[in-house]
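Overview (structure and organization)
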Amino acid sequence: MAWVDLSGPGYPGTSRGLRAYVATPTTPGPWPGIVALHEAWGLDECLRRQADYLASRGYLVVAPDLYSDGGGLRCVRQVFTAIARREGRPFADVQAARRWLVGHTGGSGRVGVIGFCMGGSFALVLADRGFDAASVNYGQVPGDLEVLRGACPIVASYGGRDRALQGSAARLQGALTEFGVPHDIKEYPRAGHSFLNHVPNSPLVLRPLAKIAGMGPEPAAAQDAWERIDAFFETHLGEAS
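For the structure given in this document, a descriptive report is provided here. Worth saying up front: this structure is predicted, and the values here are computed from it rather than measured.

1. A short note on the overall build of the chain
Scanning the chain for helices and strands turns up seven helices and eight strands. Computed over C-alpha atoms, the radius of gyration of the chain comes to 16 Å, within 12% of the 18 Å expected from 2.2 N^0.38 for 241 residues, which places it in the range of a compact globule. Expressed as lengths along the three principal axes of its C-alpha atoms, the size of the chain is roughly 45 × 40 × 35 Å. Residues classed as buried in the chain amount to 53% of the 241 residues present. The long-range fraction of contacts in the chain, counting pairs at least 24 apart against all pairs at least 6 apart in sequence, stands at 69%. Carbon and sulfur atoms make up 53% of the accessible area of the chain, which amounts to about 10,400 Å² in all. Where the 23 positive side-chain charges of the chain centre and where its 23 negative ones centre are 6 Å apart.

Here is the structure:
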């Protein structure tokens, strides 16, 4: 596993010092690629572990640090503003990661995107931006569902105990069905926000509130969700090595 610099001359418009975590399969290529997008807490151990898992399944994974330009609070605002407007520097950062995968000598040329929390919201609005499949995990559904018309195939997972996203799975299901977008949407009744993480990852001072809100790991739901994600990516990105 390694880090790469995506802020050089070949990647115009990206954040200063944009870096990305890379997880490479141990099996022979060519490998389908996946851009992995982190939660609002940043590119932490949970996201790196998820990238490593996908690499173990035969995918070349690159996870851009969307806060590379420094200042967590400022960067959070910048990313959420970009998601709402569907434009801005964070989009250039993600596209730099996608281009890196497309140009990789070991890549198959097919690239998916997966995101969690904030990254899940981002993955959803990126579904019409050159990706071959998207995995959306407890990502906010845009108010204007028309932006999903023409999206790539989407697999999405939500927690029934995630109070902030109540009804999101049903809204997304309805829109993708109407638009004819291949999809697999599921809500897990016993799961809350961030249920795919292996450990709680919110700041220590916020963990008591996160626990009350039902946030955090839910192993049974996570196992089922990963099985669905694996199958969906295999179908739409091509069988991994």
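2. A word on helix α7 (residues 219-237)
A rise of 1.5 Å per residue sets the reference length of α7, with its 19 residues, at 27 Å; its end C-alpha atoms lie 26 Å apart and thus fit the reference within 8%. Residues of α7 that are buried: Ala221, Ala222, Ala225, Trp226, Arg228, Ile229, Asp230, Phe232, Phe233, His236 and Leu237. At its buried positions, α7 is contacted by β3 (31-37), α1 (45-56), β5 (107-116), β6 (133-137), β7 (154-159) and β8 (183-188).

3. Focus on the layout of surface pockets
If a probe as big as a water molecule is rolled over the atoms, it shows which places are left empty. For the largest pocket, the calculated volume is near 300 Å³. Contributing to the lining of the largest pocket are 18 residues, with Cys117, Asp162, Ala164, Leu165 and His193 lying nearest its centre. Of the residues that constitute the lining of the largest pocket, the class distribution is 10 nonpolar, five polar and three charged. Mapped by element, the contributors of at least two residues to the lining of the second largest pocket are α2 (72-85) and α4 (118-125). Ranked by the residues each element gives to the lining of the second largest pocket, the list is headed by α2, at three residues. When grouped by side-chain class, the residues that make up the lining of the second largest pocket number seven nonpolar, three polar and two charged.

What counts and how
Residues numbered from 1 in each chain as written. Predicted model: local features only at pLDDT ≥ 70, side-chain atom pairs only at ≥ 80, totals over all residues. Heavy atoms only, no water. Helix = DSSP H or I, 4+ residues; strand = E, 2+ residues; numbered from the N terminus. Rg over C-alpha atoms; globule rule 2.2 N^0.38 Å. Buried < 20%, exposed > 50% of the residue type's maximum accessible area, 1.4 Å probe, protein only. Contact = heavy atoms within 4.5 Å. Areas by Shrake-Rupley, 256 points an atom, 1.4 Å probe, with all protein chains shown as cover. Lys, Arg positive; Asp, Glu negative; His and termini not counted. Charge placed at Lys NZ, Arg CZ, Asp CG, Glu CD. Expected span 1.5 Å × (residues − 1). 1 Å grid on protein atoms, 1.4 Å probe; cavity = no way out; pocket = protein on both sides within 12 Å on 5 of 7 lines; lining within 4 Å. Points joined across faces, edges and corners; volume = space filled by probe spheres on them. Nonpolar A, V, L, I, M, F, W, Y, C, P; charged D, E, K, R; others polar.

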